[in-house]
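# Observations on chain architecture
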Amino acid sequence: MTGTIYSGINNIYRVLGDDGKYYECRIKGKILKDDEDAYNPLAPGDKVEFFESDDSKGLITSRLPRRNRFARWNKKRESWQVIAANMDSLLAVISAALPPFRPRFVDRVLIAAMQGGVQPAVLLNKVDQGVEGWVEKRLADWESLGIRVFRTSAETGAGLDELKSFAEGKTTALFGPSGVGKSTILNRLIPGIDLTTGEISEKHQRGRHVTNFGRLLDAPWGGRLVDTPGVREILVNGIDPVDLPGWFSEFEKYNESCSFSPCSHRHEPDCGVRAAVEDGLIHQDRYENYIRIREELEEKDRW
Ligand code: GDP
Ligand code: ZN
């Protein structure tokens, strides 16, 4: 039978079988034959083949090919952690003020999503806290790049209907640091799931997400949402530094005026991208983030 991974704790996976029943599954022989570069074999959204071994229990024999995946680089393990698979889009969730708006975090999430073949979008929550001008400018910049931006308040309910219509009939993952209001949004969108919310200390946060495994949630209005563990940092990896400009789509039309090819858009004379930054045609902060990520990628040979 085939089924979909909903969650996983201590190598036991909750699988919704195509017969509409849930199964508690383990991996047959503990190891899944796998051609991926990640340390976790399964993530929420994965499709698997399994057979029933006991009443409502099963053994997973293989993972079906993924349509896409969202993964983060784990520096300590020097490997990828797949956070979710087979989604229609991934929302980089951030808050307007508390915790502070972190556009550079979002830029990284956007790259990681696109790298895994996932369509990214941005969700600014807590708009009831007030959205400062510089925040609005950065949001408008993403919009000009064709990235959908949602502005919500899980507190007042503002923007949630729009989010719901976007997510209807789709699988949408929510990813962001803890404290931005992911659980509160999910509770509002799926009444009755009662996710724990509130200021959770780093220590407790670790306790709460022992397995570091997200969860697929069925919405009563027809759609699936993916809750993911709160993550503070995300590293860009798996990109040749020379190719990084390609991930900043706004650079493209200014590339042609660079006198060097390829151009790193840093020290080269007559650089079209730098000129565009100076003329305010490319957002300064995006450019600076590009430089930062590029330096990180060049720092050492990661691959
Ligand atoms: P998570 O860690 O991303 O799941 O964040 P939570 O959902 O636990 O929310 C963290 C805190 O922010 C809680 O105290 C929530 O009540 C609060 N919160 C969530 N959404 C909003 C919002 O839209 N506006 C305001 N002002 N507070 C919010
Ligand atoms: Zn250049």
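Structure: above.
All of the points below concern the structure found in this document. (Residues numbered from 1 in each chain as written. Chains lettered and ligands numbered in written order. Predicted model: local features only at pLDDT ≥ 70, side-chain atom pairs only at ≥ 80, totals over all residues. Heavy atoms only, no water.)

### A few points about the overall build of the chain
As a reminder of what qualifies: Labels follow the DSSP assignment, with helices taken as runs of H or I lasting at least four residues and strands as runs of E lasting at least two, numbered in each case from the N terminus. We compute the radius of gyration from the C-alpha atoms alone; for a globule the expected value is 2.2 Å times N to the 0.38, where N is the number of residues. The cut-offs for exposure are 20% and 50% of the maximum accessible area for each residue type, with area from a 1.4 Å probe on protein chains only; residues under the lower value are buried, those over the upper are exposed, and the others partly exposed. The Shrake-Rupley method, run with a 1.4 Å probe, gives the accessible areas here. Residue values count only the displayed protein chains as cover. Positive charge is attributed to Lys and Arg, negative charge to Asp and Glu, and no charge count is given to His or to the chain ends. Here the site of a charge means NZ on Lys, CZ on Arg, CG on Asp, or CD on Glu.
Check the secondary structure of the chain and you find eight helices and 13 strands. A globule of 303 residues ought to have a C-alpha radius of gyration of about 19 Å, and the chain, at 21 Å, matches this closely. Across its three principal directions, the C-alpha atoms of the chain cover 70 × 45 × 35 Å. By the burial criterion, 50% of the 303 residues in the chain qualify as buried. Only carbon and sulfur atoms are counted for the fraction: they give 48% of the accessible area of the chain, which is about 15000 Å². When the 42 basic and 46 acidic side-chain charges of the chain are each reduced to a single mean position, those positions are 5 Å apart.

### With respect to the coordination of the zinc ion (ligand 2)
Cut-off, in case you're wondering: Donor selection uses N, O and S atoms within 2.8 Å of the metal (3.2 Å for Na, K and Ca). Since no water is included, sites may look incomplete. Under this scheme a four-donor centre is tetrahedral when all angles range from 85 to 135 degrees, a four-donor centre is square planar and a six-donor centre octahedral when opposite donors are above 155 degrees with the rest from 65 to 115, and any other centre is irregular.
Those protein atoms acting as donors to the zinc ion (ligand 2) are C258 (SG), C263 (SG), H265 (ND1) and C271 (SG), and they sit at 2.1 to 2.4 Å. Geometry at the zinc ion (ligand 2) is tetrahedral, judged from its four donor atoms and the angles of 103 to 116 degrees they form at the metal. Positions of the donor residues of the zinc ion (ligand 2), expressed as sequence spacing, correspond to C-x4-C-x1-H-x5-C.

### Some words on helix α2 (residues 133-144)
Counted only if it meets this: A helix is expected to span 1.5 Å for every residue after the first. In what follows, residue pairs with any heavy atoms lying within 4.5 Å of each other are defined as contacts.
For α2, built from twelve residues, the straight-helix expectation of 16 Å at 1.5 Å per residue is met to within 8% by its first-to-last C-alpha distance of 16 Å. Summarising the contacts, the buried residues of α2 are in contact with α1 (103-115), β9 (119-125), β10 (149-151) and α8 (284-299). After α2 finishes, the residue G146 shows a positive phi value of roughly 90 degrees.

### Concerning the packing of helix α3 (residues 160-167) against helix α4 (residues 182-189)
As a reminder of what qualifies: Lines fitted to the C-alpha atoms define the axes, with helices restricted to the stretch that makes contact. Angles between their N-to-C directions range from 0 to 180 degrees. Orientation is classified from the angle alone, with under 35 degrees giving roughly parallel, over 145 giving roughly antiparallel, 65 to 115 giving roughly perpendicular, and any other angle giving oblique. Note on residue categories: nonpolar means Ala, Val, Leu, Ile, Met, Phe, Trp, Tyr, Cys or Pro, charged means Asp, Glu, Lys or Arg, and polar means any other residue, Gly included.
Two numbers describe how α3 lies on α4: the axes approach to 11 Å, and their chain directions differ by 75 degrees. As far as their axial angle goes, α4 and α3 are roughly perpendicular. Judged by residue contacts, L160, L163 and K164 of α3 engage I185, R188 and L189 from α4. Of the residues assigned to the contact of α3 with α4, the class counts are four nonpolar, no polar and two charged.

### What about α8?
With 16 residues, α8 extends 22 Å from end C-alpha to end C-alpha; this agrees with the ideal 22 Å at 1.5 Å per step. Every buried residue of α8 is accounted for by D285, R286, Y287, N289, Y290, I291, I293, R294, E296 and L297. Residues of α8 that are buried in the fold lie against α1, α2 and α7 (272-278).

### So, the packing of aromatic side chains
Let me state the cut-off plainly: For Phe, Tyr and Trp, rings pair up if their centres lie within 6.5 Å, where Trp contributes its six-membered ring, and each pair is then called stacked (planes under 30 degrees apart), edge-to-face (over 60) or tilted (otherwise).
One pass over the structure, following the stated rule, counts 13 aromatic pairs. Seen from their ring centres, F70 and F175 are 4.8 Å apart, and the 65 degrees between their planes marks the pair as edge-to-face. With F70 in strand β6 (residues 69-74) and F175 in strand β11 (residues 171-175), this residue pair connects regions lying 105 residues apart in the sequence. Judged by relative accessible area, which is 0%, F70 ranks as buried. By relative accessible area, which is 0% here, F175 ends up buried. Chaining the aromatic ring pairs together yields one cluster made of F248, F251, Y287 and Y290.

### Considering the sheet that holds β9
For clarity, the cut-off: Whether two strands pair depends on DSSP finding at least two bridges between them.
On the basis of which strands lie adjacent, the open sheet formed by six strands has the order β10-β9-β8-β11-β13-β12 and mixed pairing. Sheet topology places β10 and β12 (215-219) at the edges, where each strand pairs with a single neighbour. When strand polarity is set aside, the average angle formed by the axes of neighbouring strands in this sheet is 25 degrees. By the bridge criterion, four bridges tie strand β8 (residues 89-95) to β11 in an arrangement that is parallel. Paired with S89 across the bridge in β11 is T172. Along the sheet, α2 contacts β9 and β10; its crossing angle with β10, the most-contacted strand, is approximately 145 degrees.

### Here we look at the nonpolar core
Stated precisely, the cut-off is as follows: Note on terminology: a nonpolar core comprises buried Ala, Val, Leu, Ile, Met, Phe, Trp, Tyr and Cys residues joined through side-chain atoms within 4.5 Å.
Residues F70, L90, V109, V122, L139, W142 and F175 are the most contacted members of the largest nonpolar core, which totals 31 residues. Of all the secondary-structure elements, those providing two or more residues to this core are β7 (79-85), β8, α1, β9, α2 and β11. Here this core takes six residues from α1, the largest share from any one element. When neighbours within four sequence positions are excluded, W142 is seen to be in contact with F101, P103, V106, D107, L110, V122, I147, V149 and R286.

From the geometry alone we can't say anything about function, so treat these as descriptive.
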